[in-house]
Amino acid sequence: MASSSSEEVLVLYGSQTGNSEAAAEQLSSLLPSKLSTSDNSRTLTSRCMHLDDFLELEQAKWTRLVIIVCSSYGVGQAPIGARKFREVCDTILERFGSDNDDTTNDGKHKMLSGVNYALLGLGDSHYTTFFRNPTTFENALSTVGATRVGELGKADASGTGDMEQSKVIERWIDSIWKDLQPVIDKPMTEEEGLKLKKAHEQTWKLCLELYKEWKQTNYFALIGLFLPLGGVLLGILIHLYMYGYTWSN
């Protein structure tokens, strides 16, 4: 019997009214049955979380396939759960958006070259900033080497008839699996693993530049620093005790 392998796919979202969250949760729940192979040679798991939680709590540990569902809010801003991710994307475009040289910045320009993503965007065309936030995500991710899989979903809250937002979302979800399957069918190579490691390290480094409060105290390093000093003090006390030193005059 062939051994079975397991792979995780992250579904990341930002949502103001709950529509993006509902679509993300639906995708995450369907994913294992839609993409896992029928002979159980490969099993997929999925987790669904805010884009910002992916950056802060997961420390930007990219999987080779991620699905992003996000809307625009207000005047093209990021919704709840995606504001820091938007800031990271804005920073990427400021630093690398006008630079087409793949070799600059010690490879940081293509720091997500091992990441594949599918993107479903929501918005309202009544606003002039319709789709600005998903467009920013798309531009930033592609600028640093990530590869979009499948059609860029555009679900308009002002759509009518067949273009009604809920219908567009359902059609995108129904059709995306055939585009995701080839990514999952390919065995993970050592080179891909190294690329994902680089994607994690460089994205997390950028996050720490922007959000210094995310830096964690390394208590093990502190213990290593003070442990020798404690040993010296203990040795002095033992020496004083053995040679009869008294603390009183």
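This text goes with the structure placed above it.
**Remarks on the overall build of the protein chain**
Consideration 1: Secondary structure summary: the protein chain contains seven helices and six strands in total.
Consideration 2: Counting from the amino terminus, the protein chain carries its helices and strands in the arrangement β-α-β-α-β-α-β-α-β-β-α-α-α.
Consideration 3: Nonlocal contacts in the protein chain, meaning residues at least 24 apart in sequence, comprise 78% of its contacts between residues at least 6 apart.
Consideration 4: Accessible surface computed for the protein chain: about 14000 Å², of which carbon and sulfur atoms make up 54%.

**Some points on the pattern of salt bridges**
Consideration 1: Under the counting rule described, the total for this entry stands at 10 salt bridges.
Consideration 2: The salt bridge involving R64 is made with E7; its shortest N-O contact spans 2.6 Å. Taken together, the positions of R64 in the loop between α2 (51-56) and β3 (65-71) and E7 in strand β1 (residues 5-14) put the pair 57 residues apart, joining distant regions of the chain. When sorted by exposure, R64 lands in the same class as E7, which is buried.
Consideration 3: Between R47 and E58 there is a salt bridge, with its nearest N and O atoms 3.0 Å apart. Note that R47 is positioned in strand β2 (residues 42-50) and E58 in the loop between α2 and β3, a separation of 11 residues in sequence.

**Regarding the pairing of β1**
Consideration 1: Burial analysis of β1 places seven of its 10 residues in the buried class, which makes it a mostly covered element.
Consideration 2: In this sheet, β3 lies alongside β1 in parallel orientation, the contact comprising five bridges. The partner of V11 across the bridge, within β3, is I67.

**So, the environment of G123**
Consideration 1: Within the element layout of this structure, G123 appears in strand β4 (residues 116-123).
Consideration 2: We classify G123 as buried; its relative accessible area is 9%.
Consideration 3: Between the C-alpha atom of G123 and that of S71, which follows or precedes it by 52 residues, the distance is 5.4 Å.
Consideration 4: Filtering out sequence-adjacent residues up to four positions away, G123 remains in contact with F130, A155, D156, A157 and Q165.

**Overview of helix α3 (residues 83-96)**
Consideration 1: In a regular helix each residue adds 1.5 Å, so 14 residues correspond to 20 Å; α3 covers 20 Å between its end C-alpha atoms and thus fits that length.
Consideration 2: For α3, the secondary structure elements touched by its buried residues are α2, β3, α4 (132-143) and α6 (190-210).

Reading guide: rules and limits
Residues numbered from 1 in each chain as written. Predicted model: local features only at pLDDT ≥ 70, side-chain atom pairs only at ≥ 80, totals over all residues. Heavy atoms only, no water. Helix = DSSP H or I, 4+ residues; strand = E, 2+ residues; numbered from the N terminus. Contact = heavy atoms within 4.5 Å. Areas by Shrake-Rupley, 256 points an atom, 1.4 Å probe, with all protein chains shown as cover. Salt bridge = Lys/Arg side-chain N within 4 Å of Asp/Glu carboxyl O. Buried < 20%, exposed > 50% of the residue type's maximum accessible area, 1.4 Å probe, protein only. Pairing = 2+ DSSP bridges. Expected span 1.5 Å × (residues − 1).

Just distances and angles here, no functional claims.
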